[in-house]
Amino acid sequence: MSAQPDHAPVTPYAPAPGAPAELLAQLRADRRAAQWVPAFEREWAAALEESRRTFSLAALYEVVREWQGRLGHAPAVDAFVASGYDDSEFIDMAELRGRRR
């Protein structure tokens, strides 16, 4: 009998070792740096504390993955806002729920 598992475990997303520093540099260079850098640093500190407590890097990886996504999608969000799209007629679900009561 072998002590090896009969299946290959799924390898979780693991950023490159320098990814957090590169990401922070990109956030600092962005026009939203005043809001984004402190938010990233708060999330990173919380994930670091969780990692110390759980001996897992998953929380740190998740912070990097989420912020890479935010930074990557920022140009599309900027373009949407700049397009002048009028979303003032959206349906407010909370308001609809209040009317049914």
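Look up: the structure comes first, before these words.
Everything numeric in this text was worked out from a predicted model, so none of it was measured.

Rules used throughout
- Residues numbered from 1 in each chain as written.
- Predicted model: local features only at pLDDT ≥ 70, side-chain atom pairs only at ≥ 80, totals over all residues.
- Heavy atoms only, no water.
- Salt bridge = Lys/Arg side-chain N within 4 Å of Asp/Glu carboxyl O.
- Buried < 20%, exposed > 50% of the residue type's maximum accessible area, 1.4 Å probe, protein only.
- Helix = DSSP H or I, 4+ residues; strand = E, 2+ residues; numbered from the N terminus.
- Expected span 1.5 Å × (residues − 1).
- Arc of directions from axis to C-beta.
- Contact = heavy atoms within 4.5 Å.
- Core = buried A, V, L, I, M, F, W, Y, C linked by side-chain atoms within 4.5 Å.
- Patch = residues over 30% accessible without salt bridge, like charges linked within 9 Å, V, L, I, M, F, W, Y side chains within 5 Å.
- Areas by Shrake-Rupley, 256 points an atom, 1.4 Å probe, with all protein chains shown as cover.
- Axes fitted to C-alpha atoms, helices over the stretch in contact; angles between N-to-C directions.
- Left-handed = near helix turned anticlockwise from the far one by under 90°.
- Nonpolar A, V, L, I, M, F, W, Y, C, P; charged D, E, K, R; others polar.
- Phe/Tyr/Trp six-rings, centres within 6.5 Å; stacked < 30°, edge-to-face > 60°.

Here we come to the pattern of salt bridges. Scanning the model with the defined rule gives eight salt bridges in all. Its salt-bridge partner being Arg-32, residue Asp-30 comes within 3.0 Å of it at the nearest N-O pair. Since its relative accessible area comes to 17%, Asp-30 is described here as buried. The structure contains a network of salt bridges with shared partners spanning Asp-30, Arg-31, Arg-32 and Asp-78.

So, on to helix 2 (residues 33-54). In this model, helix 2 (22 residues) spans 30 Å end to end at C-alpha, consistent with the 32 Å of a helix rising 1.5 Å per residue. Three or more residues of helix 2 are buried, namely Ala-33, Trp-36, Val-37, Ala-39, Phe-40, Ala-47 and Ser-51. The buried residues of helix 2 all sit within an arc of 165° when viewed along its axis, so they share a single face. Exposed residues on helix 2 whose side chains face more than 90 degrees from its buried face are Ala-34, Gln-35, Arg-42, Arg-52 and Arg-53. In this structure, the buried residues of helix 2 make contact with helix 1 (19-29) and helix 3 (58-82). Once helix 2 ends, the next one or two residues include Phe-55, with phi positive near 60°.

Counting 17 residues, the largest nonpolar core has Leu-23, Leu-27, Trp-36, Phe-40 and Trp-67 as its most contacted members. If you list the elements that add at least two residues to this core, you get helix 1, helix 2 and helix 3. If sequence neighbours within four positions are ignored, Trp-36 has contacts with Leu-27, Asp-30, Trp-67, Arg-70, Leu-71 and Ala-74.

Here we come to a nonpolar patch on the surface. Together, Val-77, Phe-80, Val-81 and Tyr-85 give the surface a local cluster of nonpolar side chains, amounting to about 440 Å² of exposed area. Taking relative accessible area as the criterion, Val-81 reaches 62% and is therefore assigned exposed.

So, on to the environment of Leu-24. Position of Leu-24 among the secondary structure elements: in helix 1. With a relative accessible area of 15%, Leu-24 lands in the buried category. For the pair Leu-24 and Gln-68, spaced 44 residues apart in the sequence, the C-alpha separation amounts to 9.9 Å. If near-sequence neighbours (up to four positions away) are discounted, Leu-24 is found in contact with Val-37, Phe-40 and Glu-41.

Attention now goes to the packing of helix 1 against helix 3. Two measures define how a pair of helices packs: the angle their axes make with one another and the distance between the axes. For the pair helix 1 and helix 3, the least separation of the axes is 11 Å and the interaxial angle reads 35°. Classified by chirality, the crossing of helix 3 by helix 1 is left-handed. The residues of helix 3 that touch helix 1, namely those facing Ala-19, Pro-20, Leu-23, Gln-26 and Leu-27, are Val-64, Trp-67, Gln-68 and Leu-71. Considered class by class, the residues forming the contact of helix 1 with helix 3 number seven nonpolar, two polar and no charged.

Our next topic: the packing of aromatic side chains. Enumeration over the complete set of coordinates arrives at three aromatic pairs. Ring centres of Trp-36 and Trp-67 lie 5.8 Å apart, and the angle between their planes is 75°; on these two criteria the pair is classed as edge-to-face. Residue Trp-36 is found in helix 2, and its partner Trp-67 is found in helix 3; the two are separated by 31 residues along the sequence. The burial state of Trp-36 is the same as that of Trp-67; both residues are buried. With centroids separated by 6.0 Å and ring planes inclined at 20°, the aromatic side chains of Phe-40 and Trp-44 adopt a geometry described as stacked.

Everything listed here is a matter of coordinates, which is why it stays silent on function.
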